[in-house]
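Structural characterization, general
One-letter residues, chain by chain:
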Amino acid sequence: MSHADPLAHRAAVVAADKRFLWHPYTPMTRYLDEVDPLVIDRAEGARLFDLDGRSYLDANSSWYVATLGHGHPRLVAALAAQAARLCHTSLAGVTHEPAARLAEELVAVAPPGLERVFFSDDGSTAVEVALKLALQFHRQEGRPARTRFVALDGAYHGDTLGAAALGGAEIFRRPFASVMLDCIHVPTPADEGSFAQAFAALETVVAEGRDEIAAVVLEPLLQGTAGMRVYDAEYLRRARATCDAHGVLLILDEVFTGYGRTGPMWAADQAGVRPDLLCLAKGFSGGMLPMAATLATPRIFDAFLGAPDRAFYYGHSYCGNPLGAAVAREVLAIYRDERILERAAPKAARIKAAFAGFGALPGVTRTRSLGMTGALDLDAQGGYLGRTGWRVYEEARRRGAYLRPLGDVVYVAPPLNIPDADLDELLDIVGASVRAVAP
Ligand SMILES: *Cc1c(COP(=O)(O)O)cnc(C)c1O
């Protein structure tokens, strides 16, 4: 198909979209009436290119997945090579090299103690698998009453029915409240001065509910979707000890924090904490294909051995998909060969310095950064509740960046290998866009 008139082509795409598409996380009335969407035609490195020829720095790695940037040549080549050989086969009574080797390689780089890998499709299913494993584990260990979970206020662990029950944003849970898993939400340690109280609350909930609680589920060190909220590693260490004292499992959801987002490969490493179950997705396949994994300790795996009725009866048609697995192996190889974590450290320092400086801008109430993320809170007073972030988005779009906010939190979580010049340009755009909407 040739497109002599790119703008007419673009308009036709938008027309089909507005007629037939239902967008995620989108109030559709506002979308249909007001939104002129970006129409992305291609992407390269840290940049997205609209059909109209303009480019946009991808400030959030396209919902946190493109940790190695878009179209990394080695990932494209790995995908093409695997596609030419084997695109898919089930993982039921069948195996293949990409899945078997990927499992081996994941165990080698994962926090110590995690020795079994269960594959699924995305972050939500990685969490769903962890929840079901935790429930069935306790049941098979003779503690069937342990069916409740504990999560943080503001937590985000995905959108399938199980994962959504852990979510700390009431508006996402509200329509399904009557049919959800039972989850106790405890105060987050990420609010200023809240650490001691938050930990005391967790300890009390776990101690008092020990006979009913299956697992504590945490995003380690950084609550992403809650607004890039950072908390101290000591909380994780104490949570581990509390779980151990009461026979409760600790599930770490590194769907966002994994693959070096916070500095080291896993946020759990930074805290020196070993979870019972670890959920991985997003950076897992470098933004190429949906794929995820849940890693488990031998203690959990062993509880599923024996009679057939102890098996884990769970699986998706694309479990262990060879294309995703081949790409996920190449992601790990690129992290090694290109020293991604080491080379991200000075970039993280640039983000940290820039966001510390944004604290002085009018209308900014608080800033923070951790690894390859930086965030600022906008003063949402004056009737713009929830909308100021979108005004910054519009300003950034005019200046050439895709800067989707989380409410009134403006943040960056760019590819770990974003070129320095692109990063500096992005940080300049953040500053200029916030200044432009300043009260
Ligand atoms: C995005 C996210 C998920 C859900 O992953 P999906 O791939 O969107 O299903 C789960 N946990 C965390 C911490 C996330 O950031």
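Given the structure is predicted, the values throughout are model-derived calculations rather than measurements. Each chain has its residues counted from 1, running along the sequence as written. With the structure being a predicted model, the display of local features is reserved for residues of pLDDT at least 70 and the display and counting of side-chain atom pairs for 80 or more, all residues being used for whole-chain, interface and lining totals. Calculation of side-chain values draws on the structure's entire complement of heavy atoms; hydrogens and water are dropped beforehand.

Glancing now at the domain arrangement of the protein. Each assigned domain of the protein is listed with its residue range as follows: domain 1 (38-71 + 339-436) and domain 2 (75-337). Residue ranges for the domains trace back to a domain assignment, done automatically or taken from a database. Here the C-alpha centroids of domain 1 and domain 2 sit 27 Å apart. In this analysis, two residues are considered to be in contact whenever any of their non-hydrogen atoms come within 4.5 Å of each other. Each side of the interface is counted separately: domain 1 has 26 residues, and domain 2 has 30 residues. Between domain 1 and domain 2, a total of about 2200 Å² is buried, with carbon and sulfur atoms accounting for 64% of that surface. Salt bridges are defined as contacts in which a side-chain nitrogen from Lys or Arg sits within 4 Å of a carboxyl oxygen from Asp or Glu. Applying the counting criterion to the domain 1 and domain 2 interface returns one salt bridge. Accessible-area loss on putting two parts together, using a 1.4 Å probe and summing over both, is the definition of buried area adopted here.

Only protein atoms enter the 1 Å grid used here. Points where a 1.4 Å probe fits but cannot escape make up a cavity, open sets with protein on both sides within 12 Å along at least five of seven lines make up a pocket, and a residue lines them when an atom lies within 4 Å of a point. Grid points are joined across faces, edges and corners, and a volume is the space filled by probe spheres set on the points. Scanning the entire structure with this criterion turns up one cavity of 30 Å³ or more. By volume, the largest cavity amounts to about 30 Å³. Lining the largest cavity, in full, are Tyr-64, Thr-67, Glu-254, Val-255, Phe-256, Gly-258, Tyr-259, Ala-281 and Gly-283. A class-by-class count of the residues in the lining of the largest cavity yields five nonpolar, three polar and one charged. As a working rule, the residues Ala, Val, Leu, Ile, Met, Phe, Trp, Tyr, Cys and Pro are called nonpolar, Asp, Glu, Lys and Arg charged, and the rest polar, with Gly in that last group.

Attention now moves to unusual backbone geometry. Phi angles above zero are rare outside glycine, and Ser-62 is one such case at about 50°. Per the convention used, a helix needs a DSSP run of H or I reaching at least four residues, while a strand needs a run of E reaching at least two, with both numbered from the N terminus. In this fold, Ser-62 is placed in helix 3 (residues 61-64). Judged by its relative accessible area of 27%, Ser-62 falls in the partly exposed class. Of note in the backbone geometry, Leu-221 takes a positive phi value of approximately 70° without being a glycine. On the secondary structure map, Leu-221 appears in the loop between strand 7 (213-218) and strand 8 (222-223). Any residue under 20% of the maximum accessible area for its type is buried, any over 50% is exposed, and the rest in between are partly exposed; the area is computed with a 1.4 Å probe on protein chains only.

Note on ring pairs: Phe, Tyr and Trp rings are taken, using the six-membered ring of Trp, and paired if centres are within 6.5 Å. Classes follow the plane angle, with under 30 degrees stacked, over 60 edge-to-face and the rest tilted. Per the counting criterion, the structure on display carries 17 aromatic pairs. An angle of 85° between the planes, with centres 6.3 Å apart, marks the rings of Tyr-25 and Trp-63 as edge-to-face. With Tyr-25 in the loop between helix 1 (6-20) and helix 2 (28-34) and Trp-63 in helix 3, this pair connects stretches of sequence that are 38 residues apart. With relative accessibility at 35%, the residue Tyr-25 sits in the partly exposed group.

With that settled, the discussion passes to the sheet that holds strand 14 (residues 373-378). The strands making up a sheet are joined through hydrogen bonds of the backbone, oriented either antiparallel or parallel. Between any two strands, pairing holds if DSSP finds at least two bridges. Strands sit in the order 13-14-16 across an open sheet of three strands; the sheet is antiparallel. Two strands close off the open sheet at either side, each with one partner strand: strand 13 (364-370) and strand 16 (409-412). Each strand of the sheet is rotated relative to its neighbour by a mean of 15°, with strand direction disregarded. For strand 14 and strand 16, the ladder comprises four bridges, and the chain directions are antiparallel. Within the sheet, the bridge partner assigned to Leu-376 lies in strand 16 and is Val-410. Helix axes use the C-alpha atoms of the stretch in contact, all axes being lines fitted to C-alpha atoms, and the angles between their N-to-C directions lie in the range 0 to 180 degrees. Sitting on the sheet, helix 14 (residues 340-358) touches strand 13, strand 14 and strand 16, and the angle it makes with strand 13 is about 170°.

Membership of the largest hydrophobic core comes to 120 residues, with the highest contact counts inside it found for Phe-149, Leu-218, Ile-251 and Phe-284. For this core, the leading source of residues is helix 6 (residues 123-140), giving eight residues. Once residues within four sequence positions are removed from consideration, Ile-251 is found in contact with Ala-130, Leu-131, Ala-134, Phe-149, Ala-215, Val-216, Val-217, Leu-218, Leu-277 and Cys-279. Counting five residues, the second largest nonpolar core, distinct from the first, contains Leu-38, Tyr-56, Tyr-393 and Tyr-402. What we call a nonpolar core is a set of buried Ala, Val, Leu, Ile, Met, Phe, Trp, Tyr and Cys residues that are connected through their side-chain atoms within 4.5 Å.

This part covers the layout of surface pockets. As a volume, the second largest pocket reaches approximately 580 Å³. Contributing to the lining of the second largest pocket are 24 residues, with Leu-91, Val-117, Phe-118, Phe-119 and Phe-301 lying nearest its centre. Where the lining of the second largest pocket is concerned, the elements lending two or more residues are helix 5 (97-109), strand 4 (116-120), strand 12 (292-296) and helix 12 (298-302). Counting residues per element, the lining of the second largest pocket draws most heavily on strand 4, which supplies four residues. Class assignment of the residues belonging to the lining of the second largest pocket gives a composition of 17 nonpolar, five polar and two charged.

One can find Val-327 in helix 13 (residues 322-337). In the structure, Val-327 is positioned 250 residues away from Ala-77 in sequence and 9.0 Å away in space, judged by C-alpha atoms. Contact partners of Val-327, with chain neighbours within four places excluded, come to Leu-75, Leu-79, Ser-285, Met-288 and Leu-289.

Another aspect to go through is the site of the ligand. Taken together, the residues surrounding the ligand are Asp-122, Gly-123, Ser-124, Tyr-156, His-157, Gly-158, Glu-219, Asp-253, Val-255, Phe-256 and Lys-282. Throughout this description, a polar contact denotes any pair of N or O atoms lying within 3.5 Å of each other; where both atoms belong to protein, one of them has to be capable of donating a hydrogen while the other can accept it, and for residues adjacent in sequence the pair is counted only when both atoms sit in side chains. Here an oxygen atom of the ligand and a side-chain polar atom of Asp-122 are 3.5 Å apart. Separating an oxygen atom of the ligand from a side-chain N or O atom of Lys-282 is a distance of 2.8 Å. Calculation of accessible area relied on Shrake-Rupley with a 1.4 Å probe; when residues are assessed, cover is drawn exclusively from the protein chains displayed. Calculation on the ligand without its partners gives an accessible area of 380 Å², and the protein chains cover 85% of this total. Taken together, the residues that form the shell around the ligand break down as three nonpolar, four polar and four charged. Distances are taken per atom, and a residue is near a molecule or strand as soon as one of its heavy atoms is within 4 Å of it.

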